[in-house]
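Take a look at the letters that make up each chain.
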Amino acid sequence: HAPIRRLAKRIVDVRLHQPVFRKRVLVAYEKTCALCRLRQLPLLDAAHIRPERRGGEPIVPNGIAMCAIHHRAFDANILGVDPRFRIYIRSDVLTELDGPTLEHALQGLHGGVLTLPRRLAERPRMDLLEERFEEFRAAG
């Protein structure tokens, strides 16, 4: 049997400020992932340190430029960043055996440091990083 195709209408909230936030964060980070230095603009995001659902503001010090894989890993607490800008990978992921993507895209970042914006005012806020890093530590 072929699957039956069905469609449904969906109503979603759209964060109208998100394109401006993304643009400002990516400009601050020179259109480069702060973790792996990828410069492919279609693959770059502005990751919130404190998520909007918890009161995070759409301002550059609450954002880090990340490629799509690092953004997803950050949001899933597979990847954490401490207030000294050090990158950590969750211990179970560090010991997992998989292929080159896991090895290079995640495990290889453990212990590294973020590439930061040149302007101090655009760098991640320490208090936000501390809060988010505690969440990462609690997750794994």
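That block above? That's the structure.
About the cut-offs
Residues numbered from 1 in each chain as written. Predicted model: local features only at pLDDT ≥ 70, side-chain atom pairs only at ≥ 80, totals over all residues. Heavy atoms only, no water. Buried < 20%, exposed > 50% of the residue type's maximum accessible area, 1.4 Å probe, protein only. Helix = DSSP H or I, 4+ residues; strand = E, 2+ residues; numbered from the N terminus. Arc of directions from axis to C-beta. Contact = heavy atoms within 4.5 Å. Salt bridge = Lys/Arg side-chain N within 4 Å of Asp/Glu carboxyl O.

**Student:** What is the right way to look at helix α1 (residues 18-28) in this model?
**Tutor:** Every α-helical turn comprises 3.6 residues, leaving residues that sit three or four positions apart pointing alike. Turning to α1, its buried residues are Q18, F21, V25, L26 and A28. Projected onto a plane normal to the axis of α1, the buried residues spread over an arc of 155° and lie on a single side. Among the exposed residues of α1, those pointing more than 90 degrees away from its buried face are P19, K23 and R24. In this structure, the buried residues of α1 make contact with β1 (44-48) and β2 (63-67).

**Student:** Hey, could you run me through the pattern of salt bridges in this one?
**Tutor:** Note on pairing: side chains with opposite charge can pair once their charged atoms come close. Counted according to the given criterion, the structure contains eleven salt bridges. Across the pair D92 and R90 runs a salt bridge, and its minimum N-O distance is 2.6 Å. A residue is classified by how much of its surface remains accessible, and D92, at 41% relative accessible area, is partly exposed. Connected through shared salt-bridge partners, R50, R54, D75, E131, R132 and E135 make up one network.

**Student:** What is the right way to look at the side chain of E122 in this model?
**Tutor:** Along the polypeptide, E122 turns up in the loop between α4 (100-106) and α5 (126-139). Relative accessible area serves as the criterion here: at 17%, E122 is assigned to the buried category. Beyond its immediate stretch of four places on either side in the chain, E122 contacts A28, V60, P61 and P117.

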